[in-house]
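# Chain and residue survey
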Amino acid sequence: MTATLLFDLDDTLLQNSMSSFLPVYLGGLSDHLGPFKLDFDIQRAVLEGTQYMIRNMDPAITLEESFDTYFYPRLGVEKKDLQKDINHFYQNIFPEFAYITKPIAAAQSLIAKLAKNDLNLVIATNPLFPLPAVLYRLNWADLGADPQRFSLITSYEQFHFAKPNPAYYAEILAHLGWPEGPIAMIGNDWELDILPAEIIGLPTFFLGKPPEGDLSSRHRLSSQGGWNELNNWIDERISEKDTFDLNVSKPAITAILSATAAYLDSLRRQFEAINFWNTRPEPDEWSLVEIISHIADVDAEVNLPRIKILENQVFPFFAAIETDHWAQERNYIENDACQQMEKFIANRKILINEFSSLSEEEMAKPIQHAIFGPTSVLEIFKFIAHHDRIHITQISKIIASLRPKESENQIE
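Presented here is an overview of the structure given in this document. What you see is a predicted model, and the numbers here were worked out from it, not measured in a lab.

## Quick look at the overall build of the chain
Counting its regular elements, the chain contains 15 helices and 11 strands. Since a compact globule built from 412 residues should have a radius of gyration of about 22 Å, the 23 Å found for the chain is in line with a globular shape. For the chain, the spread of C-alpha atoms along the three principal axes comes to 65 × 50 × 50 Å. Counting all 412 residues of the chain, 52% fall into the buried class. Here the analysis covers contacts within the chain between residues at least 6 apart in sequence; of these, 73% occur between residues at least 24 apart.

## Looking at the pairing of strand 4 (residues 120-123)
Burial along strand 4 is two-sided: the face carrying Asn120 and Val122 and the face carrying Leu121 and Ile123 are both buried. Note that strand 1 (residues 4-7) and strand 4 share 4 bridges and pair parallel. Bridging from a neighbouring strand, Leu6 pairs with Val122 of strand 4. Bridging between strand 4 and strand 5 (residues 152-153) involves 2 bridges; their strand directions are parallel. Each bridged residue has a counterpart across the sheet, and for Val122 the counterpart in strand 5 is Leu152.

## A closer look at the nonpolar core
Counting 131 residues, the largest nonpolar core has Phe7, Phe94 and Ile395 as the members making the most contacts within it. When neighbours within four sequence positions are excluded, Phe7 is seen to be in contact with Leu13, Leu110, Ile111, Leu114, Leu121, Val122, Ile123, Ala124, Thr125, Met185, Ile186 and Ile234.

## Looking at helix 7 (residues 166-175)
With 10 of 10 residues buried, helix 7 lies mostly within the body of the structure. Among all positions of helix 7, only Pro166, Ala167, Tyr168, Tyr169, Ala170, Glu171, Ile172, Leu173, Ala174 and His175 are buried. Residue Asn165 occupies the N-cap position of helix 7, its side-chain oxygen lying 2.9 Å from the main-chain nitrogen of Ala167. Looking one or two residues beyond helix 7, the residue adopting positive phi is Gly177, at roughly 75 degrees.

## What about the packing of aromatic side chains?
Applying the stated rule across the entire model yields 26 aromatic pairs. Relative to Tyr169, the ring of Tyr168 lies with its centre 4.9 Å away and its plane at 75 degrees, an arrangement referred to as edge-to-face. Assessed through its relative accessible area of 0%, Tyr169 is described here as buried. When the ring of Trp178 is compared with that of Phe244, the centres are 5.3 Å apart and the planes differ by 45 degrees; the resulting orientation is tilted. With Trp178 in the loop between helix 7 and strand 6 (183-187) and Phe244 in the loop between helix 9 (227-239) and helix 10 (250-270), the pair connects residues that are 66 residues apart, well separated along the chain. Each member of the pair, Trp178 together with Phe244, is buried. Among the aromatic residues, those joined into a cluster by ring pairs are Phe21, Tyr25, Phe89, Tyr90, Phe94, Phe97, Phe129, Tyr136 and Trp140. Here the basic side chain of Arg330 rests over the ring of Trp326, its NZ or CZ set 3.9 Å away from the ring centre.

## Describing the environment of Arg348
Residue position: Arg348 is located in helix 13 (residues 337-356). Between the alpha carbons of Arg348 and Ile295 there is a distance of 9.8 Å; along the sequence they are 53 residues apart.

## Observations concerning the sheet that holds strand 11 (residues 373-375)
A sheet is described by the order of its strands in space; here 3 strands give the open sequence 9-10-11, paired in mixed fashion. Looking at the sheet topology across the chains shown, the edges are occupied by strand 9 (317-318) and strand 11. Two elements, strand 9 and strand 10 (residues 367-369), share 2 bridges in a ladder whose sense is parallel. From the neighbouring strand, Phe318 faces strand 10, where its bridge partner is His369.

## A look at unusual backbone geometry
For the bond running from Lys163 to Pro164, omega is 10 degrees, close enough to zero to count as cis. Tracing the backbone through its elements, the reader meets Pro164 in the loop between strand 5 and helix 7. With a phi close to 65 degrees, Asp11 is a non-glycine residue in the positive phi region. In this structure, Asp11 sits in the loop between strand 1 and strand 2 (14-15). For Lys37, which is not glycine, the phi torsion reads 50 degrees and is therefore positive. With relative accessibility at 71%, the residue Lys37 sits in the exposed group.

## Some details on the packing of helix 11 (residues 288-312) against helix 13
Each pair of packed helices gets described by two things: the angle between the helix axes and the distance between those axes. As a packed pair, helix 11 and helix 13 sit with axes 9 Å apart at the nearest point and diverge in direction by 25 degrees. By the criterion of interaxial angle, the relationship of helix 11 to helix 13 is roughly parallel. Considering how the two elements wind past one another, helix 11 and helix 13 form a crossing that is left-handed. Partitioned by chemical class, the residues of the contact of helix 11 with helix 13 number 13 nonpolar, 4 polar and 7 charged.

## Some words on the sheet that holds strand 1
The strand order across the open sheet formed by 6 strands is 5-4-1-6-7-8, and the pairing between neighbours is parallel. Two strands lie at the open edges of the sheet, namely strand 5 and strand 8 (223-225), each paired on one side alone. Set on the sheet, helix 9 makes contact with strand 1, strand 6, strand 7 (204-207) and strand 8; between it and strand 7 the angle comes to about 170 degrees.

Definitions and cut-offs
Residues numbered from 1 in each chain as written. Predicted model: local features only at pLDDT ≥ 70, side-chain atom pairs only at ≥ 80, totals over all residues. Heavy atoms only, no water. Helix = DSSP H or I, 4+ residues; strand = E, 2+ residues; numbered from the N terminus. Rg over C-alpha atoms; globule rule 2.2 N^0.38 Å. Buried < 20%, exposed > 50% of the residue type's maximum accessible area, 1.4 Å probe, protein only. Contact = heavy atoms within 4.5 Å. Pairing = 2+ DSSP bridges. Core = buried A, V, L, I, M, F, W, Y, C linked by side-chain atoms within 4.5 Å. Polar contact = N/O pair within 3.5 Å; in protein donor to acceptor, adjacent residues only side chain to side chain. Phe/Tyr/Trp six-rings, centres within 6.5 Å; stacked < 30°, edge-to-face > 60°. Lys NZ or Arg CZ within 6 Å of the ring centre and 35° of its normal. Axes fitted to C-alpha atoms, helices over the stretch in contact; angles between N-to-C directions. Parallel < 35°, antiparallel > 145°, perpendicular 65-115°, else oblique. Left-handed = near helix turned anticlockwise from the far one by under 90°. Nonpolar A, V, L, I, M, F, W, Y, C, P; charged D, E, K, R; others polar.

Okay, structure coming up:
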């Protein structure tokens with residue numbers, strides 16, 4: 001099994017204090033756009049737009065879209081009128097800010113060592129910047145900077161959630177197809193890097209000394225310290241066979257439910273034009289559109305009705321519902337994949353809202369399930385989250401197997 005290591009960037013792999021960096025960055029952007037005589041202070045608009053990104057909970061809206069919705073109307077200008085100049089800023093002025101930062105020798109050595117192994121290395125920086133700004137900071141960190149050595153680099157164009165939302169970490173793992181091997185998060189910020197990753201069940205390493213207080217709620221494999229301790233800890237994680245174990249809690253389950261919808265939204269945007277949605281990798285396996293149609297109908301016809309049963313019955317009983325045969329009966333393979341993803345996302349947003357709004361009394365109701373017997377609300381939603389992860393893994397593997405064939409066909 002391949003280990004997956006998530007690394008924060010600023011002040012973890014790159015010495016870059018945001019208290020020093022942000023004034024220079026915002027001042028440079030403000031000066032560059034000054035000739036436009038905009039309606040509002042640019043620096044304030046960026047900071048307030050950033051708060052919009054941090055607060056975004058909609059899995060159908062990227063962080064970039066969330067930012068744009070506030071930023072450009074506040075300035076009294078359309079995005080298209082500034083886009084060329086903003087691109088110029090990131091291409092020609094942003095690189096000059098390297099002097100504020102400094103590579104970290106211990107980080108360079110660690111990444112160089114890890115890059116030689118079969119690992120998923122993720123740059124889990126708070127995705128509040130466009131990708132070019134993230135890549136420049138990676139280059140400043142001097143990590144032997146071929147971005148291809150990283151399985152994923154998070155940025156605001158693709159991601160829907162930001163730190164400290166636990167759904168940000170779940171969204172990363174969804175993009176990786178919910179890898180089966182050990183997974184861990186490394187960072188230097190207790191509130192942004194450590195606590196939200198711990199909420200969903202990830203072991204973490206805190207670069208530094210944790211705040212005083214009870215640390216018993218942390219993952220049993222979590223640790224802290226300096227670079228020597230981190231190197232040893234990573235060696236232990238890589239050699240062990242621990243797999244991800246979801247925390248059975250309302251915030252953790254909500255994060256998984258949200259991440260599934262966000263991943264499908266990214267899939268819809270990235271692969272809208274592909275022609276293999278209806279291609280079965282093997283004759284007896286489901287195609288992508290059949291999987292997506294399946295999870296869309298399960299939410300619509302199983303999960304959402306069960307919420308109503310939970311709200312309306314004193315002693316809820318959940319009947320067993322066989323859904324796999326729907327694929328053939330309903331001829332899923334002829335469905336439009338993008339329409340099914342939109343259907344899933346719309347229903348999933350309702351499901352998340354319904355789950356989030358359940359009262360403590362409703363959460364505490366004992367449930368009788370036709371197959372599992374006596375169970376709880378959290379256990380039922382744990383099953384839903386597990387069902388999500390199974391099918392996201394399935395989707396990821398199918399895309400990986402079919403994309404080379406797609407490329408070959410295009411070349412021919």
